Protein chains: 2
Amino acid sequence: MVTLKELAKQLNVSVSTVSKALHDAKDIGEDTKKRIKEAAELYNYRPNKTALALKVNKTNTIGVVVPDILNPFFAKVLHGIEEYATKKGYDTIICVSHEQLKKEAKSVDLMLQGRVDGFIISLSTETLSRQDFVHLDQINLNKKGLVLFDRTTSEIDCDKVVINDQKSTYDATRILISKKKKRIAFVSTIEDLSIGLLRKGGYQKALVDHGFEPDPDLVLDLTGSQHPHDLIKAFLSLHEFDAVISADNTSSLMFQSIVKSEKPELMDDIMLIGFSDEKSALLSYPRINYIDQKASKIGEKAADMLIQRLEDKGSENKPITFEMPFEIHIS
Amino acid sequence: MVTLKELAKQLNVSVSTVSKALHDAKDIGEDTKKRIKEAAELYNYRPNKTALALKVNKTNTIGVVVPDILNPFFAKVLHGIEEYATKKGYDTIICVSHEQLKKEAKSVDLMLQGRVDGFIISLSTETLSRQDFVHLDQINLNKKGLVLFDRTTSEIDCDKVVINDQKSTYDATRILISKKKKRIAFVSTIEDLSIGLLRKGGYQKALVDHGFEPDPDLVLDLTGSQHPHDLIKAFLSLHEFDAVISADNTSSLMFQSIVKSEKPELMDDIMLIGFSDEKSALLSYPRINYIDQKASKIGEKAADMLIQRLEDKGSENKPITFEMPFEIHIS
DNA sequence: TTGAAAGCGCTAACAG
DNA sequence: CTGTTAGCGCTTTCAA
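All of these numbers come straight from a predicted model, not from anything done at the bench.

Quick notes on the rules
- Residues numbered from 1 in each chain as written.
- Chains lettered and ligands numbered in written order.
- Predicted model: local features only at pLDDT ≥ 70, side-chain atom pairs only at ≥ 80, totals over all residues.
- Heavy atoms only, no water.
- Near = heavy atom within 4 Å.
- Polar contact = N/O pair within 3.5 Å; in protein donor to acceptor, adjacent residues only side chain to side chain.
- Helix = DSSP H or I, 4+ residues; strand = E, 2+ residues; numbered from the N terminus.
- Nonpolar A, V, L, I, M, F, W, Y, C, P; charged D, E, K, R; others polar.
- Contact = heavy atoms within 4.5 Å.
- Buried area = accessible area lost by both parts, 1.4 Å probe.
- Salt bridge = Lys/Arg side-chain N within 4 Å of Asp/Glu carboxyl O.
- 1 Å grid on protein atoms, 1.4 Å probe; cavity = no way out; pocket = protein on both sides within 12 Å on 5 of 7 lines; lining within 4 Å.
- Points joined across faces, edges and corners; volume = space filled by probe spheres on them.
- Least-squares fit on C-alpha atoms with pLDDT ≥ 70 in both.
- Axes fitted to C-alpha atoms, helices over the stretch in contact; angles between N-to-C directions.
- Left-handed = near helix turned anticlockwise from the far one by under 90°.
- Pairing = 2+ DSSP bridges.

A. Spatial organisation of the protein's contact with DNA strand D. Near DNA strand D you find 25 residues, and of these Leu4(A), Ser16(B), Lys20(B), Asp27(B) and Lys55(B) are the closest. In DNA strand D, the atoms that sit within 4 Å of the protein are 58% sugar and phosphate, with bases accounting for the remainder. Between DNA strand D and Gly29(B) there is a distance of 2.8 Å, counted from a phosphate oxygen to a backbone nitrogen or oxygen. Breaking the surface near DNA strand D down by element, the ones donating at least two residues are helix H1 (4-11), helix H2 (15-22) and helix H4 (49-56) of chain A together with helix H2 (15-22) and helix H4 (49-56) of chain B. Per-class residue counts for the surface near DNA strand D are eight nonpolar, 10 polar and seven charged.

B. Molecular detail of the interface of chain A and chain B. Tallying the contact residues gives 55 residues for chain A and 55 residues for chain B. Together, the buried faces of chain A and chain B total about 5,200 Å²; carbon and sulfur atoms form 57% of this surface. Counting the surface chain A buries against chain B, the share from its top three residues, Arg115(A), Leu283(A) and Tyr285(A), is 14%. For the interface between chain A and chain B, the tally reads four salt bridges. For the interface between chain A and chain B, the tally reads 33 residue pairs in polar contact (both at pLDDT 80 or more). Contributing elements (two or more residues each) for the side of chain A that touches chain B: H4, helix H5 (72-87), strand S2 (91-96), helix H6 (101-112), helix H11 (228-238) and helix H12 (251-262) of chain A. Looking at the side of chain A that touches chain B element by element, the count peaks at eight residues for H12(A). A class-by-class count of the residues in the side of chain A that touches chain B yields 23 nonpolar, 18 polar and 14 charged.

C. Summary view of empty space enclosed by the protein. One pass over the structure, following the stated rule, counts three cavities of 30 Å³ or more. Here the largest cavity defines a volume of roughly 120 Å³. Taken together, Leu253(A), Gln256(A), Ser257(A), Lys260(A), Leu283(A), Ser284(A), Leu253(B), Gln256(B), Ser257(B), Lys260(B), Leu283(B) and Ser284(B) make up the full set of residues lining the largest cavity. Going through the elements one at a time, H12 of chain A together with helix H12 (251-262) of chain B are the ones with two or more residues in the lining of the largest cavity. Each residue belonging to the lining of the largest cavity can be placed in one class, and the counts come to four nonpolar, six polar and two charged.

D. Region of the structure containing the relation of the copies chain A and chain B. Relative to chain B, chain A is turned by 180° and slid 0.0 Å along the rotation axis, the superposed coordinates differing by an RMSD of 0.1 Å. Each copy turns onto its partner about a two-fold axis. Looking at the rotation axis and the C-alpha trace of chain A, the residue lying nearest is Ile93(A), at 2.2 Å. Interface residue correspondence from chain A to chain B reaches 100%, placing this contact among same-surface, isologous pairings.

E. Fine view of the environment of Arg183(A). Residue and element names in this part refer to chain A. When you line up the elements, arginine 183 lands in the loop between helix H9 (165-178) and strand S6 (184-188). When the C-alpha positions of arginine 183 and leucine 11 are compared, they lie 81 Å apart, and in sequence the two are 172 residues distant. Other than its neighbours up to four places away in sequence, arginine 183 contacts Asp215, Leu218, Glu240, Phe241, Asp242 and Ala243. Among the polar contacts listed, one links the side chain of arginine 183 to the backbone oxygen of glutamate 240, at a separation of 2.8 Å.

F. Summary view of the packing of H9(A) against helix H10 (residues 194-209) of chain A. All names here are of chain A. Where H9 meets H10, the closest approach of the two axes is 7 Å, and the angle between their N-to-C directions is 35°. Classified by chirality, the crossing of H10 by H9 is right-handed. Across the interface between the two elements, Asp165, Gln166, Ser168, Thr169, Tyr170, Thr173, Arg174 and Ile177 from H9 touch Ile195, Leu198, Arg199, Gly201, Gly202, Tyr203, Lys205, Ala206, Leu207 and Asp209 from H10.

G. Representation of the sheet that holds strand S9 (residues 271-276) of chain A. Residues and elements named next belong to chain A. Taking strand neighbours across the sheet as the criterion, the six strands line up as S7-S6-S8-S9-S10-S12 in an open arrangement whose pairing is mixed. The sheet is open, and its two borders are formed by strand S7 (219-221) and strand S12 (327-329), each paired with just one other strand. The average undirected angle you get between the axes of adjacent strands in this sheet is 20°. Strand direction decides the pairing type here: strand S8 (residues 243-246) and S9, joined by three bridges, are parallel. Note that in S9 the partner of valine 244 across the bridge is leucine 272. Running at roughly 175° to S6, H10 makes contact with S6, S7, S8 and S9 of the sheet.

H. Representation of the protein's contact with DNA strand C in the model. Near DNA strand C, the surroundings consist of 25 residues, among which Thr17(A), Lys20(A), Asp27(A), Lys55(A) and Leu4(B) are the closest. By atom count, sugar and phosphate contribute 60% of the portion of DNA strand C lying within 4 Å of the protein. One of the side-chain nitrogen or oxygen atoms of Lys5(B) is found 3.3 Å away from a phosphate oxygen of DNA strand C. Ranked by the residues each element gives to the surface near DNA strand C, the list is headed by H2(B), at four residues. When the residues that make up the surface near DNA strand C are grouped by side-chain class, the tally is eight nonpolar, 10 polar and seven charged.

These values are about where atoms sit, not about what they do.
Here is the structure:
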């Protein structure tokens with residue numbers, strides 16, 4: 001890696017002259033400018049970002065902490081963040097909390113050590129259940145940017161990007177009702193998350209609002225199960241239903257697959273709605289109906305809000321919570 | 001963020017005294033040490049990593065470039081890298097090439113500007129088809145570490161982590177043959193990748209080696225198709241087969257789902273083997289048979305090799321290519 | 001039009 | 001035992 005100094009020596013000029021020339025400062029002679037630029041090109045000079053970061057106290061890096069990168073939702077959000085950040089000239093450092101408060105706090109702490117300008121975080125289950133947010137306070141204390149998404153908390157005052165979880169399943173349930181479905185079941189693998197409960201709440205509220213009494217027997221909780229297939233099979237043989245809402249992106253696929261094997265005759269009558277996206281919906285046949293949370297867009301939006309804060313020095317405005325509209329796809 | 005300087009001023013000592021005290025240097029008095037450490041604790045001092053990086057010319061950061069983070073394989077590798085790197089005290093910067101040479105090269109170029117100590121890369125389709133590796137040469141030129149994985153090239157001399165793609169499908173096919181399967185089909189959505197061709201090659205070679213003549217009619221190419229379902233349905237109605245090898249992690253799921261709907265009577269006789277992992281295999285019922293590439297382990301291994309190079313100054317040894325053993329799971 | 005010098009936060013050799 | 005100094009690579013006044 002060539003440095004300014006080395007270039008300067010080569011050209012028999014001073015470091016500052018080289019720096020200015022490369023920045024097209026008007027007080028440098030056209031000829032020297034040209035000479036310097038050619039040399040920079042020749043030696044393939046690249047400014048050292050670390051030095052720059054130290055100098056101007058800005059790393060142009062954003063730190064992302066997610067609970068689980070193997071979860072397609074988070075992978076998609078990450079994708080949106082990375083894409084937008086890159087476009088805006090920011091690097092993206094990622095850390096995974098594995099749903100643990102300790103790891104989350106440690107990640108934040110590490111990145112806080114002058115590595116990033118701001119954070120985009122989705123809180124771990126443990127963080128939310130323990131309601132321990134001191135690491136987030138640290139971020140604010142250090143005057144770094146912070147955007148929370150999806151798994152957020154009202155305890156921390158910062159920008160947020162969320163989806164209306166309750167409304168998503170409410171609307172989905174309403175669609176099923178409008179299709180004359182009478183016994184709508186609910187499956188979930190995320191009953192331990194507040195968004196899981198919100199989604200169940202939306203389902204129940206829709207039922208009540210439309211004159212149905214929620215039947216607890218029609219709620220299947222797969223959370224943490226080692227043998228979800230068996231639970232689903234048992235459920236199939238014990239209960240009658242004509243539609244299913246799934247609270248996550250896996251149980252609907254499992255459910256459909258098992259119904260097709262075990263009760264193929266029911267397939268035409270049972271309507272399923274899960275959470276998914278255009279691409280993943282292709283994995284099943286017939287294509288599953290799905291609520292699209294617009295994960296990539298959530299990532300983009302979060303990155304956008306963060307970068308806005310970082311660059312608009314004037315915007316000491318109050319934090320904003322952006323609600324990303326979801327889409328329900330029925331085929 | 002408190003700096004050494006500020007701490008020093010508070011305590012009326014010099015910056016270097018503070019620095020040394022915090023590093024437990026033996027030449028600082030126990031009492032001052034204690035005083036300084038307490039103050040550091042009190043003011044929540046954290047060393048600035050950017051300054052450190054500049055000072056010691058080591059960023060403790062590794063740059064990762066993958067073609068597509070939405071592909072579960074890459075997400076898993078990333079997971080392995082992140083986990084291992086974090087454990088070893090390294091940050092992970094990620095960039096996505098979207099299968100484009102230009103983006104890949106740009107990402108490398110950006111990270112080369114003093115941001116990372118080394119790279120872990122899986123090459124984009126375009127990079128491989130154009131055989132353009134100048135950006136990788138740049139890495140070597142700048143004496144940064146480089147580990148390629150999965151999508152590699154023999155043109156570049158560096159550490160690599162691969163799986164034996166041909167052998168994976170060869171073995172899988174052999175298993176099908178041993179189960180008395182006579183007409184084994186092959187589906188793929190990645191015929192445009194060299195690993196896709198290797199996997200097909202393994203399938204074909206196994207057939208030949210066991211006295212079967214590969215039937216081109218039994219090879220279904222879904223690459224780039226907008227309507228894979230239709231192609232699969234057509235295939236089902238046109239051809240007879242008793243087993244299927246899938247070259248990727250999506251087509252096997254689609255295939256199984258469609259067979260169950262369109263030709264349920266065949267389900268018991270058709271044996272499928274795809275690429276997947278323990279968790280994703282649960283999405284289908286009956287659980288699909290799968291080749292597990294050990295993606296997380298590939299990530300770990302790549303990170304391990306890179307960090308080894310970065311820290312073992314002595315190891316100017318020749319580059320190594322590590323072949324990650326795969327596992328075939330038949331249920 | 002160019003250069004010298006200071007400083008971002010830190011470490012480490014060398015003095016005191 | 002503690003402080004002074006130089007320097008990592010860069011930008012940016014201020015002088016020349």
